[in-house]
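Observations on the model geometry
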Amino acid sequence: MGFLDRSRTVAPPDWNRWLVPPAALSVHLAIGQAYAWSVFKPPLESALGLTGTQSALPFQLGIVMLGLSAAFGGTLVERNGPRWAMFVSATCFSTGFLVSALGAWTQQYWLVVLGYGFIGGIGLGIGYISPVSTLIKWFPDRPGMATGIAIMGFGGGALIASPWSAQMLESFGRTPEGIGQAFLVHGLAYAVFMSVGVLLVRVPAHVREREVVRSAVNVSARNALRTPQFWCLWVVLCFNVTAGIGILEKASPMIVDFFKDTATPVAAGAAAGFVALLSLTNMAGRIIWSSTSDLVGRKNIYRLYLGVGALMYLLLALAGNSSKLLFVLCAMLILSFYGGGFATVPAYLKDLFGTYQVGAIHGRLLTAWSTAGVLGPLIVNAIADGQKAAGKSGPDLYTTSLFIMMGLLVVGFVANELVRPVAAKYHEPELEGASR
């Protein structure tokens, strides 16, 4: 494979490990554009005559493909190395935008779903897991912080993409042709930006393909699937993501609807700014909360995510439209927990299963994200469409959804409480002996 071969990415002895997080960030900031999809929803609905549920399809399929490609590609990423993974991610993600541009221009919405959702979704999944195992090996002393730095880029991608996309739609127009031009610019720009990570990433010289960093526990990806701990974490991640992603995917129209009939309605530009603000807190939560988990422990930090998150949903359901400040603060805190959950889970996996195949295990766990990517937007959009058809408006479109999300977080809280150390029967005995 030449330039992409794993052997070509081994760092020299004097390589600075702090150059690896920027490489990861260049990929995650790009693929984090997925969180700005809600900016494209209203223009697509208007230009192509779509419902809210239909306009969510590219995003939903993208998240499904993220989980599936991460699950099936996790072993390939471990075997071929991060440079190969980042190259595959850049190729798929950029191609997805180009196909979507063609779909918008020709008004063939299925091409937008295929491009952004299917092809781009593969780029999302491979890109998302591409640096995780490498970062944990570079920073065994601070795994939560290391993965948080990179994964915060995924949360922060919309901070750049949301206002950028909104400005392009204003400049090019909210017509099929204008949307197509915006997709085209995205595809070309992200191809260049993600190439930085491909060129810069390195693996530590002391970690070869089959060498294991010393760890008290080493569990294979295959055995991890047999443990109750894996499935408890699957439930935790799935429900935490479902609760956050439903609001995030609908963020722009949601804040408009909540305050539509009040004395202070929200304009489209301000709604796009709200999406960017949520992206900022999503991003900040990934580094702040995951770094905090290195100090207080993974189980304790998930108690915060799930327990306080449920209370925030209760406040939104009962008093969300009484104050813009209350609405925005609750949403910001929820999204910080949502982002923190993503950034903390690789370190949680490392604590439970060791570093042996943590990248592959992480990839398999992301099928929870695929499930949540369908559940979250489906719950929020379907209920909102049904309430609208019944003649309701404003917060009434979302109250039922918010109570459902609160219930899911409570179930996730219980699942987190059930997590215990992995039984010795699931450990890799030959690796256990080598690590002592």
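Coordinates for the structure precede this section.
Everything in this summary refers to the structure shown in the same document. (Residues numbered from 1 in each chain as written. Predicted model: local features only at pLDDT ≥ 70, side-chain atom pairs only at ≥ 80, totals over all residues. Heavy atoms only, no water.)

Moving on: unusual backbone geometry. In terms of backbone geometry, most residues other than glycine have negative phi values and most peptide bonds are trans. Although it is not a glycine, Gln107 sits at a positive phi angle of roughly 60°. Residue placement: Gln107 occurs in the loop between helix H5 (82–106) and helix H6 (109–129). Residue class for Gln107 comes out partly exposed when judged on its relative accessible area of 46%. (Helix = DSSP H or I, 4+ residues; strand = E, 2+ residues; numbered from the N terminus. Buried < 20%, exposed > 50% of the residue type's maximum accessible area, 1.4 Å probe, protein only.)

Another point: the packing of aromatic side chains. How two aromatic rings sit relative to each other is set out by the distance from centre to centre and by the angle between their planes. One pass over the full model with this rule turns up 28 aromatic pairs. Ring centres 4.9 Å apart and planes at 65° place the aromatic pair Trp18 and Phe139 in the edge-to-face group. A residue pair is termed long-range when its members are at least 10 positions apart, and Trp18 in the segment before helix H1 (20–31) and Phe139 in the loop between helix H7 (132–138) and helix H8 (143–172) qualify at 121 residues. Between Tyr128 and Trp369, the ring centres sit 4.9 Å apart and the planes meet at 75°, which makes this aromatic pair edge-to-face. A residue pair is termed long-range when its members are at least 10 positions apart, and Tyr128 in helix H6 and Trp369 in helix H17 (residues 367–389) qualify at 241 residues. For Trp369, a relative accessible area of 0% translates into the label buried. Joined through ring pairs, the aromatic side chains of Trp37, Phe40, Phe93, Phe97, Tyr116, Trp164, Phe183 and Tyr190 make up one cluster. Directly above the aromatic system of Phe3 lies the positively charged group of Arg83, at a separation of 4.1 Å from the ring centroid. (Phe/Tyr/Trp six-rings, centres within 6.5 Å; stacked < 30°, edge-to-face > 60°. Lys NZ or Arg CZ within 6 Å of the ring centre and 35° of its normal.)

Our next topic: the side chain of Ser89. Of note, Ser89 is situated in helix H5. Residues contacting Ser89, with those up to four places away along its chain left out, are Val27, Ile31, Gly123, Ile126, Gly127 and Met194. (Contact = heavy atoms within 4.5 Å.)

Right, let's get into the pattern of salt bridges. Counted under the stated rule, the structure contains seven salt bridges. A salt bridge links Arg298 to Asp351, with the nearest nitrogen and oxygen atoms 2.6 Å apart. Of this pair, Arg298 sits in helix H14 (residues 298–319) while Asp351 sits in helix H15 (residues 324–353), and the two are 53 residues apart along the sequence. We note a salt bridge from Glu417 to Arg303, for which the minimum N-O separation is 2.6 Å. Of this pair, Glu417 sits in helix H18 (residues 399–417) while Arg303 sits in helix H14, placing them 114 residues apart in sequence. (Salt bridge = Lys/Arg side-chain N within 4 Å of Asp/Glu carboxyl O.)

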